[in-house]
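Each chain is listed here by its residues.
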Amino acid sequence: MAFYPLQIAGLVLGFFGMVGTLATTLLPQWRVSAFIGSNIIVFERVWEGLWMNCVRQAKDKLQCKAYDSLLALPPALEAARALMCVAVALSVIALLVGICGMKKIQCTGSDRRAKAYLVGISGVLFILTGIFVLIPVCWMANDIIRDFYNPAVHVGQKRELGASLFVGWATTAVLIVGGGLLCGFCCCNRKKPRHRYLAPGRRVPHARNPRRTATGLSRTSTSYV
């Protein structure tokens, strides 16, 4: 396969996208405490994630606590949880399907067309994973920015964009690029020129040897003499 490097590059990017999706889901730094005002002495830092809250005071260790009730969470946080869980599952499935479509893996035998279709399906799943990661990340960022500039929100309740959101945006780009490479590999293998085979009933006439025809004519001419 001449386009085999596209498949390798797409799967490598898909693997890093899967790791980034898992990291974005588990890291608690979606919302971090905002430092507003002229006071540079900060006694407490607050991190808020999808699954837990973490508090770090000036000289103490980091203390994290998982959310007590699932039903008491805001609807936006519940939706972000669900979308990120779906994204993690899709990334794992996409990577497994892409590995099954590799040249050296004999899951589908030696059928190149079936392998190309598996690689294309893997690319589509990676792109869907990127979309599922992008939606909750942008949603959460919009809520944070809206509350930050809202004068009705108390200064102590305002938050800033955390590191998990930036990891999510980078992961989205990696997943979409990797999925695009895999889809391009599938399209290139489908458009690859194939050898044309003749129908079983038709045969190509062979050119006659001029020497044999000349000798045959000489024999027929001598036989009448």
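An unreviewed UniProt entry annotates the protein as Claudin of Odocoileus virginianus. According to its UniProt record, the protein has this under Function (unreviewed entry): "Claudins function as major constituents of the tight junction complexes that regulate the permeability of epithelia."

1. Description of helix H2 (residues 75–100)
One turn of the α-helix equals 3.6 residues, which is why residues spaced by three or four share an orientation. With 26 residues, H2 ought to run about 38 Å at 1.5 Å a step, and its terminal C-alpha atoms sit 38 Å apart, in line with that. Within the sequence span of H2, burial applies to Leu-77, Ala-80, Arg-81, Leu-83, Met-84, Ala-87, Leu-90, Ser-91, Ala-94, Leu-95, Val-97 and Gly-98. The elements touched by buried residues of H2 are helix H1 (4–26) and helix H3 (112–148).

2. Thoughts on the packing of H1 against H3
Here H1 crosses H3 at 30 degrees, and the two axes come no closer than 11 Å. Overall, the two elements H1 and H3 adopt an arrangement that is roughly parallel. Viewed along their axes, H1 and H3 form a crossing whose handedness is left-handed. Along its contact with H1, which presents Gln-7, Leu-11, Gly-14, Thr-21 and Thr-24, the element H3 presents Val-119, Ser-122, Phe-126, Thr-129, Val-133 and Val-137.

3. Considering the confidence of the model for the protein
Taken residue by residue, the protein gives an average pLDDT of 79. The fraction at 70 or more is 74%. Taken element by element, the protein is modelled with least confidence in helix H5 (residues 210–223), mean pLDDT 48, and with most confidence in H2, mean pLDDT 92. Counting contacts from residues 193–199, a segment whose pLDDT is below 50, to residues more than four positions away or on other chains yields 2 contacts. Ignoring residues within four places in sequence, the model shows residues 220–225, a span with pLDDT below 50, making 0 contacts including any to other chains.

About the criteria used
Residues numbered from 1 in each chain as written. Predicted model: local features only at pLDDT ≥ 70, side-chain atom pairs only at ≥ 80, totals over all residues. Heavy atoms only, no water. UniProt positions renumbered as here; feature names shortened; annotations may be inferred. Helix = DSSP H or I, 4+ residues; strand = E, 2+ residues; numbered from the N terminus. Expected span 1.5 Å × (residues − 1). Buried < 20%, exposed > 50% of the residue type's maximum accessible area, 1.4 Å probe, protein only. Contact = heavy atoms within 4.5 Å. Axes fitted to C-alpha atoms, helices over the stretch in contact; angles between N-to-C directions. Parallel < 35°, antiparallel > 145°, perpendicular 65-115°, else oblique. Left-handed = near helix turned anticlockwise from the far one by under 90°. pLDDT = per-residue confidence, 0-100.

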